[in-house]
Amino acid sequence: MDVKRQQGGVDQGDLFDEALKATLCHGVISEGGTGPETPEEPQAPEAWGHERALTQHLMEAVSSSANLNRAYKRVKGNGGAPGVDGMTVAALRGWIAANREALIASLLDGSYQPQPVRGVQIPKPGGGMRQLGIPTVVDRLVQQAIAQVLEPILDPSFSASSFGFRPGRSAHDALRQAREYVADGYEIVVDLDVEKFFDRVNHDILMARLARRIGDKRLLRIIRRFLRAGMMADGVCNERHEGTPQGGPLSPLLANLLLDDLDKELERRGHRYCRYADDCNIYVRSQAAGERVMASMTSFLGNRLRLKVNQQKSAVVPVGERQFLGHRMGKGGSLGIGRKSVARAKDRLRAITRRNRGVPLARMVEEANRFVIGWVTYFRHARCQSTLREADMWLRRKLRCVRLKRCKSAGTMIGFLMGRGVAAEGAWKLAASGKGWWRLTDSRQAKQAMPTAWIRAQGLVSLADHHAALNAVGNRRVRDPYARWCERGAP
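Worth saying up front: this structure is predicted, and the values here are computed from it rather than measured. (Residues numbered from 1 in each chain as written. Predicted model: local features only at pLDDT ≥ 70, side-chain atom pairs only at ≥ 80, totals over all residues. Heavy atoms only, no water.)

Here's the deal with empty space enclosed by the protein
Under the definition given, this model contains five cavities of 30 Å³ or more. If you trace the largest cavity, you find 19 residues lining it, with Q143, F226, R240, T244 and P245 closest to the centre. Listing elements by their share of the lining of the largest cavity, those giving two or more residues are α8 (137-154), α12 (217-228) and α13 (251-268). No other element matches α12, which puts three residues into the lining of the largest cavity. Here the residues of the lining of the largest cavity are counted per class, giving ten nonpolar, seven polar and two charged. (1 Å grid on protein atoms, 1.4 Å probe; cavity = no way out; pocket = protein on both sides within 12 Å on 5 of 7 lines; lining within 4 Å. Points joined across faces, edges and corners; volume = space filled by probe spheres on them. Helix = DSSP H or I, 4+ residues; strand = E, 2+ residues; numbered from the N terminus. Nonpolar A, V, L, I, M, F, W, Y, C, P; charged D, E, K, R; others polar.)

Structure below.
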């Protein structure tokens, strides 16, 4: 390995060093600590005032060459679609080379102005549409740089029962804690669904929470500009007075900051709960207690945070009747795969193995494997062997269907079947059948020509076998590079 690769790629790394030196030499003066401070809320503890005094000069940390270089590498590694200006991630390096001095100067004097986000809607797994806001790559760079500075300040004060979008925490950690609650007898779940949370975040409340902890007025101004940046949809730029659309690096941290009020209230009341982003499950012992908690938390969210609970999607039910992070929980805290998760996985595999895709079978198998490995790795702690064996049978039949249809003519099908050991009479009978492709693949001749061994020879990974391998003795803590599948939708 050469020196550049060991140092994380010097050729793409220290892009901002000379720019920062030049900016400081030209006398860009920090505004941190000058003028009146951002007023604190009356109920803020004295510790917050001390913390604000220590965070008066955060923009110097945000615009440091080391921080911006790290943000650039993160944005480049994440990839993603361009924003309203059409600039791709690949073009960001060239833009930085030409504009880095101006970028750093605008950060240090607090004049940086974000561009509108590009509005995109994607379907939600449970129905409806999810609004995404895709910032430009330059805005993503700045947001990432800000998040890297704010996260070490804000995250340590967040609740131990908050797991979403936090360093060192995962969905499996949330499930582990939920299982412990259920095993202790808290088998009624209060499933709170905040209606359009990321679209309804109140900017003033959020900024007040941030101003409690952050004293740098330049940083606060830039974050508010990000919140109020317009959203471009269908060629029209719409002003935004609430919400922090998903799609930017800063959005998850701000969401956790706002919902920390909910966490602290639940802790104050002594409740057992798990929160992953805006998915919050509270565990109680009885239906009556659950109804009381649902009513009080609905009132709290509405009065304190101006958020509305979706009454149609929220419920107080036994844990086995709801899904949490794609899993179904049973008696004693046992885990299974939720029915909706299996259905969504089949939808994804159905799209990959579509008979009219026109891609080689080997490529189809490769794409299916990539999804299967990640999906099964995510559900590795669930008891689901029977479910996975059924999914294996279904997927093998899908591939048989693809291969059989690609024969295209009766003569080609007969030649293929006979070449795979099917008797001539059986091959002719199958080729002359008027049944549909799906029914043909369930025939004795198709299974004889394309048995499980033939499917495996094509390279297809078995869901059940991969799950068993992950749970083999000595392999329970495996971290698979393909485990990127997420229940909350496409990245």
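Describing the sheet that holds strand β4 (residues 231-233)
A sheet is described by the order of its strands in space; here four strands give the open sequence β2-β1-β4-β5, paired in mixed fashion. Only two strands of the sheet have a single neighbouring strand rather than two, namely β2 (129-134) and β5 (236-238). Across the sheet, the axes of successive neighbouring strands diverge by a mean angle of 40 degrees, strand direction being ignored. With six bridges joining them, strand β1 (residues 117-123) and β2 adopt antiparallel strand pairing. Residue pairing in the sheet places I122 in a bridge with R130 of β2. (Pairing = 2+ DSSP bridges. Axes fitted to C-alpha atoms, helices over the stretch in contact; angles between N-to-C directions.)

A few points about the packing of aromatic side chains
Taken as a whole and judged by the stated rule, the model has six aromatic pairs. The interplanar angle of 55 degrees and the centroid separation of 5.0 Å between the aromatic rings of W375 and F379 together place this pair among those described as tilted. On the basis of relative accessible area, W375 is assigned to the buried category, the value being 3%. Using a relative accessible area of 1% as the deciding quantity, one classes F379 as buried. In textbook terms, an aromatic cluster arises when at least three aromatic residues are bridged by ring pairs, as seen for W375, Y378 and F379. One cation-aromatic arrangement involves R285 over Y186; the distance from NZ or CZ to the ring centre is 4.2 Å. Seen from the ring of F416, R403 lies directly overhead, with NZ or CZ sitting 4.1 Å from the centre. (Phe/Tyr/Trp six-rings, centres within 6.5 Å; stacked < 30°, edge-to-face > 60°. Buried < 20%, exposed > 50% of the residue type's maximum accessible area, 1.4 Å probe, protein only. Lys NZ or Arg CZ within 6 Å of the ring centre and 35° of its normal.)

Considering helix α18 (residues 410-419)
Every buried residue belonging to α18 is among M413, I414, F416 and L417, and all of these are buried. One side of α18 carries all its buried residues, which in axial view fall inside an arc of 165 degrees. Pointing more than 90 degrees away from the buried face of α18 are the exposed residues G411 and G419. Looking at the buried side of α18, the elements it contacts are α17 (385-405), α19 (424-431), α20 (437-440) and α21 (444-449). Residue G421 follows α18 closely and has a positive phi angle near 100 degrees. (Arc of directions from axis to C-beta. Contact = heavy atoms within 4.5 Å.)

What about the sheet that holds strand β8 (residues 315-318)?
Across the sheet, four strands lie side by side as β6-β7-β3-β8; this open sheet has antiparallel pairing. Strand pairing shows two members of the sheet lacking a second neighbour, β6 (272-276) and β8, which therefore form its edges. Shown here is a sheet whose adjacent strand axes are inclined to one another by a mean of 20 degrees, direction ignored. Alignment of β6 against strand β7 (residues 279-284), held across five bridges, turns out to be antiparallel. From the neighbouring strand, R272 faces β7, where its bridge partner is Y283. Lying on the sheet, α13 is in contact with β6 and β7; it crosses β6 at an angle near 170 degrees.

Comments concerning helix α7 (residues 92-108)
Over its 17 residues, α7 runs only 20 Å from end to end, short of the ideal 24 Å by more than 12%, given 1.5 Å per residue. Along α7, the helix axis deviates most sharply at N99, where the bend reaches about 75 degrees. Every buried residue of α7 is accounted for by L92, I96, L103, I104, A105, S106, L107 and L108. (Expected span 1.5 Å × (residues − 1). Bend = angle between axes of the 7 residues up to and from the residue.)

Focus on the confidence of the model for the chain
Parts of the prediction with low pLDDT should not have their coordinates interpreted in detail. Taken residue by residue, the chain gives an average pLDDT of 85. The fraction at 70 or more is 85%. A low-confidence stretch, residues 1-13 (pLDDT under 50), is modelled with 13 contacts involving residues beyond four sequence positions or located in other chains. Scored below 50 in pLDDT, residues 28-44 shows 34 contacts in the model against residues more than four places distant or in partner chains. (pLDDT = per-residue confidence, 0-100.)

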